[in-house]
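# Observations on chain architecture
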Amino acid sequence: KELCRSVQASLPSTIPKTIVKDLVSYAVARMNIRRTTAINQNVCPKVLFTGIKIDFSKELDLEFGTYAEVYDGTDNTFKSRSIPCIAFYPCSNSTGSWEFMNLKTK
């Protein structure tokens with residue numbers, strides 16, 4: 001709750017109730033990359049669970065609520081190649097991709 005409240009307080013506006021679940025997912029992802037004293041080993045819970053070492057440059061590249069232009073591919077026309085989006089949370093895969101909300105479709 002503490003991390004969710006601090007992230008929510010840092011945002012410029014209030015978030016809708018439909019996005020609160022994404023905020024909780026972001027908070028859980030952040031808590032699982034920190035080492036805890038509850039585990040005797042010197043690794044974080046995410047590494048223990050997945051066995052994959054964390055790439056902090058990809059994991060901490062964005063934060064919840066950050067505006068981003070997401071690449072949408074191209075078909076060699078004059079249409080836009082990116083979509084305005086809001087970052088939610090990392091997908092926890094090897095490529096470092098994130099979950100976004102498309103602002104055009106809401």
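Residues numbered from 1 in each chain as written. Predicted model: local features only at pLDDT ≥ 70, side-chain atom pairs only at ≥ 80, totals over all residues. Heavy atoms only, no water.

### What about the sheet that holds strand β3 (residues 98-102)?
With respect to topology, three strands assemble into an open sheet ordered β1-β2-β3, the strand pairing being antiparallel. Strands at the two margins of the open sheet, each flanked by one partner only, are β1 (67-71) and β3. Taking each pair of neighbouring strands and ignoring which way they run, the sheet shows an average axis angle of 55 degrees. As defined by bridge partners, strand β2 (residues 82-90) adjoins β3 across five bridges and the pair is classed as antiparallel. The residue of β3 that forms the bridge with Ala87 is Phe100. Against the sheet, helix α2 (residues 20-31) contacts β2 and β3, and its axis sits at roughly 55 degrees relative to β2. (Pairing = 2+ DSSP bridges. Helix = DSSP H or I, 4+ residues; strand = E, 2+ residues; numbered from the N terminus. Axes fitted to C-alpha atoms, helices over the stretch in contact; angles between N-to-C directions. Contact = heavy atoms within 4.5 Å.)

### Regarding α2
Along its 12 residues, α2 runs 16 Å from first to last C-alpha, staying within 8% of the 16 Å computed at 1.5 Å per residue. Tucked inside the fold, the buried residues of α2 contact α1 (2-10), α4 (56-59), β2 and β3. (Expected span 1.5 Å × (residues − 1).)

### Remarks on the pattern of salt bridges
Summed over the entire model, instances satisfying the criterion amount to one salt bridge. For Asp22, the salt bridge identified is with Lys21, shortest N-O distance 3.4 Å. By relative accessible area, Asp22 is classed as buried at 8%. Taking the relative accessible area as the measure of exposure, Lys21 reaches 56% and is therefore exposed. (Salt bridge = Lys/Arg side-chain N within 4 Å of Asp/Glu carboxyl O. Buried < 20%, exposed > 50% of the residue type's maximum accessible area, 1.4 Å probe, protein only.)

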